[in-house]
Amino acid sequence: MSPARYAAFRKAQTFAVRRVGRQALGHVRTGDVLFVYLTGSKVIAGMYEAVGTVFEDTAPLVAGGAYAHRLRVRPLLALTREAWLPYDAFADDLEVAREEGGLRRVLQRVLHPLPPVDEKVLDFLVRARQPDAVQQLFQSFRAYLDARDEAHAQPLAETTVQEPPAAYRAAGPERLPAAEQALAALEAQGYQYAPWLVAAYLTAVRTRGFVILAGLTGTGKSKLPMLLAEATGGQAHLLPVHPDWTDGAEVIGYTDLQGRFRPGALLRVARTAQEQPDRFHVALLDEMNLARVEHYLADVLSRIEQRTPAPGGGYQTAPLLPPDQPGAGAWASVGLPANLALVGTVNVDESSHAFSAKVLDRAFTLTMDVVDLAAWQRPSTEAPTPSAWPPTYWYPSADRLPMLPTLTAAQADRVEAAVDALRTLNRALRGTAVQAGYRMRDEVALFVLHAEELRPLFRTHQGTRLDPLDVALAAKLVPRLQIGGTVSLQAVRRLLLIALHASTDVLPEAAEVQTRAEEVLDAWSAAGRPGLLAEAHWPHLAARLCILLEEAERNGWS
C-alpha cells in the first residue's frame, strides 16, 4: 500500500482493499499476523494482528479512494516513518520459494506487476503463518531497532513494540510459573485443592469463559474463584442467586414504572470490567441453580454464543440489553468484555433445579466431591506475594478449531486425539441427544491445547498424573447424561467399558455389557470409590461414570 493510505489505515486500525483484493482478504483469519509492506519503497512499516474477519463498509477511509472491503487489526509493531525497516535489514532472514512464477505470477494477474524484491518479501509473508517464522522476523525487528537506537543514542519515542499474540509465542513458559505460584498461595492459606482441579479451572475459564463448579456443600466451590482472583491480581464479584429469579431483570436490568433504568447485578459487573481492561474479572453466580438458569440467564447465554474478537485479544459479546430498552442510556452499550468470565456454583439437593442441555452445552462443569478430611494442619509455608496476571493470560487461542492459527505437528496430534476420543464415545451414544457435536468437539480440543501449558499441574496431591483430555471428556460429557431420560443405563455401561480401553473394539456382546460393567463398579466400590479408576485409559472419566451408575442403580433407573 502507499504511505498515504497506510497512515489513514493505521489511524483507523482497519486495513482495506479495493474490490479486486476481496478474495485475498477473505483468507485472513482472526489472530493472523499481518505485515505492512510498502511496495514502492521496499520497506516494512509495521506488524499487526487481525482481530476479526473481512467486512464491508462504504464510509471513506481515504479521500478519493473506494475501499469497501475491510479488516480490523491491532498494532503489534508500529514504526514511525524514519524507522521503517528497509529490505536490506531483513533480506538475509527470508526463506523464499524457488518455484517458477510462484506467488509473483498470481499477484501480477490479480493486482499489479511486482519487481523481484517485492516478490521475495510477499512470498515470505505468506509463509509467515508459521509461528517460528513470525518469531524470527519479530526478532529481526527487535535487533534492527536496538541497533538503530544505540547508534542514535536515543530511542524513537513514537515507536511502539508489543509482544506477538499468544498463539505465536512459545507455549507455556510464562503461564506455568504463574499458575504454580497461585496454587502455592492457596495452599499457604490452608485451602486443599487438588493441583489438577486448579489447572482444570484455569484452563476451562480460558477456553470457554463460562464454568460451573458442582459438588458437595462445603468443598470450597465459591472460594476457589475468589482465591484465584486474589492470587492473580484479578477481582471476583459475588452474585448470590435468588429462588425468585424468573427472568433477566435481576441479572441484566429493567426499567421501572417511573421510566428509570435499574441495572442488574451482572450488567454492573460487566461495566466495571469494561472500565478496567487491564484487570481480569469473574462474575460468580453463587448457587446458580436455586432458580432456573435457562430463565434468568437466557439472554446472556445467547450473547455468549455470538462472541466476536475483541481489540487487544480475547472475545467480547454484543450489548446485553435490547436496543430499545427505555432509559438505558450508557448501559445500552455494555456487553460481556474479553476480561470477564462467568463462574457458577451448584449444590445438588432437593431444593435446586436441574440444568437444561442448553446450559450444560455452553459450560465446562467441574465436579468437586473428593475431600481429604485429615488435611487440617496449619500450613508450614507463608503465602507468596501475589503477582498480577495480564488479562491476556486468560484469553483463548481461538473460540473454534477452524479459527486456530497454524498448529505444530504435536498440537495437531493432540487435536486429532481429542476428535478420535469423541468419535469413539459417540458410537456408544448413537441415536441420543447427548452425542458430541461441533461445539463439544471444538471446546474439548481447545481445552487440551490450552492445558498443555499447565500440564505439570494436572496431578493429584500424591503426584498421580491426569490427562487433560480425560478431564475435558468428563467435564463436558458426564453432566449431560440424563439416565432414565434420553440416555439408557445400558448406554452408560458401554461408556464405562469404553473408558477402560478408549476403544469400542473390546466391547463384549450386548448381553455381557451389564455383567462386565457391574464387575468394574464392584471393584471400584471395594477400592473405596476413588476419584480415579487406575486401570482405565481415562481414569477420571471412568470414575465419574461409576458414580453415575451407582446412583442410577440406587434409584432404580433403567
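Nothing here was measured: the structure is a model prediction, and the numbers come from that model.

Q: I would appreciate a short explanation of the confidence of the model for the protein chain in the present structure.
A: The predicted coordinates of low-pLDDT regions are not to be read in fine detail. Overall, the prediction assigns the protein chain a mean pLDDT of 78, with 72% of residues at 70 or greater. Averaged pLDDT values for the elements of the protein chain fall to 39 in strand β7 (residues 160–161) and rise to 96 in strand β12 (residues 281–286). Confidence drops under a pLDDT of 50 for residues 94–114, and excluding neighbours within four residues, the segment shows 28 contacts in the predicted structure. Below pLDDT 50 for its whole length, residues 148–173 participates in 57 contacts with residues either more than four positions away or in separate chains.

Q: Explanation requested: helix α14 (residues 409–428) in the structure shown.
A: Every α-helix winds through 3.6 residues per turn, so residues three or four apart in the chain are directed the same way. Given a rise of 1.5 Å per residue, 20 residues ought to cover 28 Å, and the 30 Å separating the end C-alpha atoms of α14 matches this to within 8%. If you check which residues of α14 are buried, you get Val415, Ala418, Val419, Ala421, Leu422, Thr424, Leu425, Asn426 and Ala428. Here the buried face of α14 lies against α15 (438–451), α16 (468–477), α17 (489–501) and α19 (539–554).

Q: What is the right way to read unusual backbone geometry from this model?
A: Most peptide bonds take the trans form, and the phi angle of most residues other than glycine is negative. Of note, Glu287 is a non-glycine position whose phi angle comes to about 50 degrees, a positive value. A positive phi is found at Ala502, a non-glycine position, where the angle reads about 55 degrees. Tracing the sequence through the fold places Ala502 in the loop between α17 and α18 (510–526).

Q: So what exactly am I meant to see when it comes to the packing of α14 against α16 here?
A: In the contact formed by α14 and α16, the axes pass within 11 Å of each other and the chain directions differ by 45 degrees. Relative to α16, α14 is oriented oblique. Regarding α14 and α16, the two cross each other, and that crossing is right-handed. Where α14 approaches α16, its residues Ala417, Ala418, Ala421, Leu422 and Leu425 are matched on the opposing element by Leu469, Leu473 and Leu477. When the residues that make up the contact of α14 with α16 are grouped by side-chain class, the tally is eight nonpolar, no polar and no charged.

Definitions and cut-offs
Residues numbered from 1 in each chain as written. Predicted model: local features only at pLDDT ≥ 70, side-chain atom pairs only at ≥ 80, totals over all residues. Heavy atoms only, no water. pLDDT = per-residue confidence, 0-100. Helix = DSSP H or I, 4+ residues; strand = E, 2+ residues; numbered from the N terminus. Contact = heavy atoms within 4.5 Å. Expected span 1.5 Å × (residues − 1). Buried < 20%, exposed > 50% of the residue type's maximum accessible area, 1.4 Å probe, protein only. Axes fitted to C-alpha atoms, helices over the stretch in contact; angles between N-to-C directions. Parallel < 35°, antiparallel > 145°, perpendicular 65-115°, else oblique. Left-handed = near helix turned anticlockwise from the far one by under 90°. Nonpolar A, V, L, I, M, F, W, Y, C, P; charged D, E, K, R; others polar.

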